[in-house]
Structure formats: structure tokens, C-alpha cells
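Residue strings, one per chain:
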Amino acid sequence: MQRAAPQEFDRVLSSMCTVPHPDARAAAERFLAVNPGDPATYADVSELEAQAVATLGELTGLDEVVGDVDGDAGSDADGVGAAHGYITSGGTEANLQAVRAARNRRDVEDPNIVVPDSAHFSFSKAADVLDVTLRRVPTDDDHRTDPAAAAAAVDERTVLVVAVAGSTEYGRVDPIPELAAIAHEADAYCHVDAAWGGFLLPFTDHLWNFAHAPVDSLTIDPHKCGQAVIPAGGLLFRERAGMDALAVDTPYLESTSQASLTGTRSGAGVAGAAAALEALWPDGYRREYERAARVSRWFADELRERGYEVPAVELPIVVADLSTATFEALRERGWRLSRTGSGPVRIVVMPHVTREMLTGVLADLDDVR
Ligand code: 0PR
């Protein structure tokens, strides 16, 4: 067979994943054949998962509100460590499982979830798979969820209110304390989707995590801004009961129950996440956040100087109203760009997106427009 090679990242401006940290790559290769879904057989990878979840707990303020986040080496009945969470296959599984946990814990007939228009499409999949009604709530002019609209949408059948911390299209952070209050007023749970933003937000003033608001569950993906290898998402719960609501009996395994959605899971993903977190939290992630913030502000200014409309950059995603012809001309030159649902181009300033790369984009832009 011919040796296939993956695409280079040197023109990729649309991805929310990136080149993994070298430690993550090396760890992933070592753990390719082991299965964290069977912790009684593969204790070493379970230990790494517990460490990764404990560090994610630190990143999200969970260690400030829960006593036992110190990963206790896969000793739990469900086999995913003492902390309340696990390494998922990605943000889609984490979001789906958050919906499933809320649905199972609330146990109402004909349940619904209240989700902003800005939420990732994984919630549409979750609602479909779990047979839960999806209620969409509009965002305001700055693409943040409108709390009044969320309050109007909840009712006694609402099991979950979703808030986004780093939205896929605009990188916006919802008013999370307000949305958590609205959820609890309705006896629903509150889930924060920080799949992309979770590794950036610790270095900002935003209120987004378990310590800032009575958030019940949270998605934070090592395989996005965490610089881990794919597949590695993260799901965390404030309370142990969140994981319990997901657990099913596993009669023939040595561990007695399993909370993850998939059975066999990627040891590479888990080991890669643990290694990236160990290498980068907190200083490496802080440095990268500061770099990306600087570069995206500079790039936004360069686009504005050329007459484009560029909304304020909150987290490192730059959105600009390039014409379709310009967008296509840049794509023809090999730039991997994408657009928001309403048309403007979005550029995600991930670790592989350097100032030099963006200088190249500007040169091509000046050439083609
Ligand atoms: N939540 C948010 C806020 C997201 O942005 C995404 C994915 C998810 C959940 C779902 O995560 P998984 O894709 O890990 O299941 N956002 C991007 C998207 O689907 C991911 C992406 C990654 C897109 C790499 C392109 C790409 O090249 O749009």
C-alpha cells in the first residue's frame, strides 16, 4: 500500500483542533492498544484518565467546589476515577452525555432542553438520539444568549439549560451565572459547553466555570485548545450523581458499571490528554492564550484597515465580512477557511496559526480582492 500522509496545518484556518504537543503524541503512541473502557484490565491508562480528569477539574474550578477531585487511580466502581467525569471521544459525546444525565436525573415526561442558537449542532444530535425536545433560544446582537429569552423558554418539563463558553462561530461567552440561575429556578440542570473555550477562559475575567456559578456539568475538550491528540473530549459533573445517572451494569467485566457512551475507548486519546495537560497546565496554556489573543487582535485590526467589518474579538476567533468571491479566491490559493451560518468568514487562531501565516493570508487578500 502506498504510504498516505495527512494534510499539513500550514494553511488551515478553519479548524478547532491543532498540532498536538509532542508529549501528547508520544504518550498516544505508547497507549495505542489499551482500552480505558476496561479499567480492571488496564489500570495504568485508568490512572492517567483519573489524573487528566483531576487536572480538568482544576482548570474549571471543580476542585474548589468538590472535595475529592484528586484522581484516585481508577478505583471507582465505574472505573473512570474518583473525580466526577471522564475523557470522552469529543465534544459531541460529552454534550450528548450531559443531556442524557439531565434527562435521567429529572425523569419528567416529554422532556425538553433549552439551547441557544449559537450552540454546537451536537445538541441537535443529542436531542434526536435521546428523544428530547430541543428549544432554541435567540442570541443578542453580539451573539450571546439572551437570558430573558431563555427564561421565557423554560418550563416544568425542561431538564437542561445549555450555556456556551466560547461559541463555535464567534467565540462568545454566554451570561453563565444568569443562565444557571434560570435553570435552577425551573428545577433544571445547567450545562456549560466550553469544548473549545475551556483552555483559554482560565486566563480571562469571564465567569464560566463551576466556581463562578452553580453549573452542574461542563464540556472541555483536550483535543481542541488542549493540544492533545484526537480523540479526547472532556465531561465533568459537579456531583457524583451526574456520573451515576449515566452508569449501566457491566456483568462480565471486573468493574461493575460503565458511565461512558462508547465501550472500547481510545487509550491513545486518554494518554495524550493526560500528557498534554501535564506539559501545559497552567503556564503553557497561558502563554498560548496570550499569543493567540495578541495575534487575533492584530489580525482583526489589519482587516479593519482594509475596510472589512470585524466584530470585537473576545476569544481568538476573527470573523470578517469578506465577499464570496474573495473567500473563494483565497480557498483556491489553498487557505482552508470556513464561514459562519450567516455568511461571514471565520478564522480560528489555534496554536498552529502564526502571525507569519496570517501575514501570508493578508498578502493573498491584497492580491485577490
Ligand atoms: N462544542 C463546541 C462549542 C464545538 O465547537 C464543537 C466542535 C463541539 C462541541 C463538538 O466537538 P467534537 O467535534 O469534538 O465532537 N466544533 C468544531 C465543529 O464541529 C470542531 C472542528 C474541529 C471543526 C476541526 C473543524 C475542524 O477542522 O465545527
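Conventions used here
Residues numbered from 1 in each chain as written. Predicted model: local features only at pLDDT ≥ 70, side-chain atom pairs only at ≥ 80, totals over all residues. Heavy atoms only, no water. Pairing = 2+ DSSP bridges. Helix = DSSP H or I, 4+ residues; strand = E, 2+ residues; numbered from the N terminus. Axes fitted to C-alpha atoms, helices over the stretch in contact; angles between N-to-C directions. Contact = heavy atoms within 4.5 Å. Near = heavy atom within 4 Å. Polar contact = N/O pair within 3.5 Å; in protein donor to acceptor, adjacent residues only side chain to side chain. Areas by Shrake-Rupley, 256 points an atom, 1.4 Å probe, with all protein chains shown as cover. Nonpolar A, V, L, I, M, F, W, Y, C, P; charged D, E, K, R; others polar. Buried < 20%, exposed > 50% of the residue type's maximum accessible area, 1.4 Å probe, protein only.

### Section: the sheet that holds strand 7 (residues 233–237)
Link 1 in the chain: Strand order across the open sheet formed by seven strands is 1-7-6-5-4-2-3, with mixed pairing between neighbours. Each of the sheet's edge strands pairs with one partner strand only, and the pair in question is strand 1 (85–88) and strand 3 (133–137). If you compare each strand with its neighbour and ignore which way they point, the axes differ by 20 degrees on average.
Link 2 in the chain: The sheet contact formed by strand 2 (residues 112–116) and strand 4 (residues 158–164) spans three bridges and is parallel. Among the inter-strand pairings, Ile113 is bridged to a residue of strand 4, identified as Leu160.
Link 3 in the chain: Most of the contacts of helix 4 (residues 91–106) go to strand 4, to which it runs at about 150 degrees, and overall it touches strand 1, strand 2, strand 4, strand 5 (189–193), strand 6 (217–219) and strand 7.

### Considerations on the side chain of Gln227
Link 1 in the chain: As for its position among the elements, Gln227 is in the loop between strand 6 and strand 7.
Link 2 in the chain: The residues contacting Gln227, other than those within four sequence positions of it, are Thr18, Val19, Pro20, His21, Ala24, Pro222, Ala276, Leu280, Tyr285, Glu288 and Pro351.

### As for the site of the ligand
Link 1 in the chain: Around the ligand lies a shell of 17 residues, among which Thr92, Thr168, Asp193, His223 and Lys224 are the nearest.
Link 2 in the chain: Here an oxygen atom of the ligand and a side-chain polar atom of Ser15 are 3.3 Å apart.
Link 3 in the chain: Taking Gly91, its main chain carries an N or O atom lying 3.0 Å from an oxygen atom of the ligand.
Link 4 in the chain: Isolated, the ligand exposes 600 Å² of accessible area, and the fraction of that covered by the protein chains is 75%.
Link 5 in the chain: No other element matches helix 4, which puts three residues into the shell around the ligand.
Link 6 in the chain: Taken together, the residues of the shell around the ligand break down into four nonpolar, ten polar and three charged.

### Quick word on the environment of Ser89
Link 1 in the chain: Take Ser89: it is sitting in the loop between strand 1 and helix 4.
Link 2 in the chain: In this structure, the C-alpha to C-alpha distance between Ser89 and Pro231, residues 142 residues apart in sequence, is 5.0 Å.
Link 3 in the chain: Dropping the residues within four chain positions of it, Ser89 is found in contact with His223, Pro231, Ala232 and Gly233.
Link 4 in the chain: A distance of 2.7 Å separates polar atoms of two side chains, one belonging to Ser89 and the other to Glu93.

### A word on the pairing of strand 7
Link 1 in the chain: A large share of strand 7 lies buried, amounting to five of its five residues.
Link 2 in the chain: The two faces of strand 7 match: Gly233, Leu235 and Phe237 on one face and Gly234 and Leu236 on the other face are all buried.
Link 3 in the chain: Across three bridges, strand 6 lies against strand 7 in antiparallel orientation. Across the sheet, Thr219 pairs through a bridge with Leu235, a residue of strand 7.

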